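Listed here are the chains, written in short residue letters.
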Amino acid sequence: MSIFVEDPLKLKQWVTDWLLNYLSEDISRLVDFISLTPEPVDPFSIKTQAEYEAYVRDNELRTLNDELVKGYQELLIANFLYLNGIPYTYEARYVSKRRIEIGFDYKPDFHIDGTHIYIEHFGIDRAGGTRPDIDAHQYNEDIKSKRTLHIKCRTTLVETFHYEWVEETLTSGLEKKLKILDVEFNPINSEQLLEQLQSTGKIANWSDLLLKALSSIRVERLDYDSMLARFQRANISQPQKYTVLLNALHEAYVQELHEQNAIDFDDMIIRSIEAIDKGLFTPKWTYVLVDEFQDISTARMDLVKAIIKRGPTPSLTVVGDDWQSIYRFSGGKLELTTRFDELVGLYTETKLQKTFRYNNSIADTAGLFIMENPEQYKKYIVTHTKVDSSQVYMLDDKVGVKDGLYQRVVEVVSKIKSVDSTASIAVIGRYNYLLNESKAALVKNRLVENVSLWSFHKSKGLEADYCILIGFSQGKLGFPNENIDQAVIEALLPALDSYPHSEERRLLYVGLTRAKKKSYIIGDPTSPSAFINELLAPKYEVNIHSKAFQELYRKKFKCPNCEEGYLKLINGKFGGFYACSTGKGCRVGKARVCTECGAPSVDNRGSSDCNNQDCRHSMRICEQCGRPMILRNGKYGEFWGCSGYSTQDDQCKNTSKQ
Ligand SMILES: Nc1ncnc2c1ncn2[C@@H]1O[C@H](COP(=O)(O)OP(=O)(O)OP(=O)(O)O)[C@@H](O)[C@H]1O
């Protein structure tokens, strides 16, 4: 086996060395690479301010000079200045401290040091249009006041625009504009640049990206053409450049293994297939059993197929659970389970729907949660153990207390031990650092005995009496992990179902179902992740043991019409609705289920409005009969028509204009 298999750090070092060599051979490769990472994003495709903020939060836009900037196009300008040896300051103070009409301290995007030249990048298209969440009129007015201010203060304003980026003239245009002003260009040489890239940690980040790409190329058995096709299908910009780079990396890796006279795990599989196909080995097995089939990769499936094809007509039995497919990042191809007949052939199915591990409370919460994704199979798990009350708890991380999360972990472990001293306990976290910190806190409090620390991935197949699930923050290191900057890796991995966070959802399902007795979820009420918000909904019947979370819950489910009541989900004959917990005394009666977020939606005149302040979705309803209105297409254009139009015994013909 290759040393890379035994010591992943050695592989990382090899990739880093390869990258440094590859880049130093040709300066144009270096410039190309800089333009490939981070991946370009068109800000005009971002719809809301919250979405833009999440993009900036989750995609650290750091220049070659190590400044954090606020937009991808600003990053390109900063890098252009840096590569051309033009000293600049990002968001420098302006000569005048005067506030311009719009009322903020004016800081132009860039100042060319030692000159009166400033650069402003304006996010407008040729018609003056802006990002959808920005008021275009106001933005254009601001542009005018900035121009006036520069004239008044006798400074030179160089303007660049979003549309130049679209037209691919952003940096070439800037070059012309600066040369006219006699700005001196001293392009940086490749050694200096490489040094800077290393010292700012960029090379290390790029190596991580390449490592992941290499692993995907291996497990998916991709060649140049299939890689290029995937990038094109995924709309990756500059697909050719990525393909050339990754293909070169893969070839060098294969060559390296050859020189080491060694193989890796992927080779083991690939060579086994070859050995069987060439008749060097004849399988004799009459029964072939594959466990954890939901995570099987293309290469592994090819091996199974070869064993069957060349064996003595064996029977194949596979065991898997599509709800627990969590190894896509290492090639797991859920499709092979969900499209088994198409991809593998005829089969008979046996459903294992009874669990001897967890109780009905955990089964109901976890089952409802996983089946939110309509692409997962519908299954109703019967449990051997039955309980009368909810065994899933939501706790907070002691809002505002330093290391509050780990203190909470200690508290829960200590409480469990006080009532069930020999119980097995597991702390399950999305990232290893969460587990390391938890372990340190438990060791310090002498509570670590009988406590396992597992990542959600590692917890697969394991079990404990009590499980404590942690790390539900928002963003890049959150759960669900909202890391969206690696579209390249996404494109190389097996196809993913389209439901948002589907793989992360399965991961939480796995975590929730590790406990035999109780599951505790610890979240942060000040920035609850999407999963925490979702689990607060009454249908999950989670015990909310936290004032802060109850407050959040209160906001969403408080009955708007009475002091005491909460809106509770009822599954009626004609679908779900919410009813006030105080019963008939409350005038609100029933509330609808918001079609966007599932929280209660309360009827007002002509519309039903979501009670969840983060959602606030408004659904148009018929003023005559209360059914939802539907936007229809008629002879004279679009109009709103009552959805009761097609109901035979109680037809409603109400319409209103669009
Ligand atoms: N027939 C049975 N009677 C009693 N207990 C059982 C029975 N079958 C399994 N168990 C217990 O149920 C628990 C779960 O079993 P096992 O780990 O085999 O399930 P699994 O289907 O592999 O679960 P998962 O896929 O969720 O990891 C174990 O503690 C096991 O000992």
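Coordinates for the structure precede this section.
What you are looking at is a predicted structure, and each value in this text was computed from that prediction instead of being measured.

Structural notes on the site of the ligand
The immediate surroundings of the ligand are formed by Gln-324, Phe-356, Arg-357, Lys-460, Gly-461, Glu-463 and Arg-514. One nitrogen or oxygen atom from the side chain of Glu-463 is found 2.5 Å from an oxygen atom belonging to the ligand. Within the side chain of Arg-514, a nitrogen or oxygen atom sits 3.0 Å from an oxygen atom of the ligand. Protein chains shield 42% of the accessible area of the ligand, which is 640 Å² for the free molecule. Of the residues that constitute the shell around the ligand, the class distribution is 1 nonpolar, 2 polar and 4 charged.

Points about the pattern of salt bridges
Going through the model one piece at a time under the given rule, you end up with 37 salt bridges. A salt bridge links Asp-267 to Arg-218; its shortest N-O distance comes to 3.1 Å. You can see Asp-267 sitting in helix α13 (residues 265-277) and its partner Arg-218 sitting in helix α10 (residues 202-219), a full 49 residues away along the chain. Judged by its relative accessible area of 8%, Arg-218 is buried. Taken together, the shared-partner salt bridges connect Arg-218, Asp-264, Asp-266 and Asp-267 into one network.

Remarks on the sheet that holds strand β3 (residues 117-122)
Within a beta sheet, neighbouring strands are joined by backbone hydrogen bonds and run either parallel or antiparallel to one another. On the basis of which strands lie adjacent, the open sheet formed by 4 strands has the order β1-β2-β3-β4 and mixed pairing. Looking at which strands have only one partner, the edges of the open sheet turn out to be β1 (88-90) and β4 (156-161). On average, each strand axis in the sheet is tilted by 25° relative to the strand beside it, whichever way the strands run. Strand direction decides the pairing type here: strand β2 (residues 110-112) and β3, joined by 2 bridges, are antiparallel. Residue pairing across strands places His-111 opposite Tyr-118, the latter belonging to β3. Of the strands in this sheet, β1, β2, β3 and β4 are in contact with helix α5 (residues 72-83), which crosses β2 at around 15°.

Thresholds applied
Residues numbered from 1 in each chain as written. Predicted model: local features only at pLDDT ≥ 70, side-chain atom pairs only at ≥ 80, totals over all residues. Heavy atoms only, no water. Near = heavy atom within 4 Å. Polar contact = N/O pair within 3.5 Å; in protein donor to acceptor, adjacent residues only side chain to side chain. Areas by Shrake-Rupley, 256 points an atom, 1.4 Å probe, with all protein chains shown as cover. Nonpolar A, V, L, I, M, F, W, Y, C, P; charged D, E, K, R; others polar. Salt bridge = Lys/Arg side-chain N within 4 Å of Asp/Glu carboxyl O. Helix = DSSP H or I, 4+ residues; strand = E, 2+ residues; numbered from the N terminus. Buried < 20%, exposed > 50% of the residue type's maximum accessible area, 1.4 Å probe, protein only. Pairing = 2+ DSSP bridges. Axes fitted to C-alpha atoms, helices over the stretch in contact; angles between N-to-C directions. Contact = heavy atoms within 4.5 Å.

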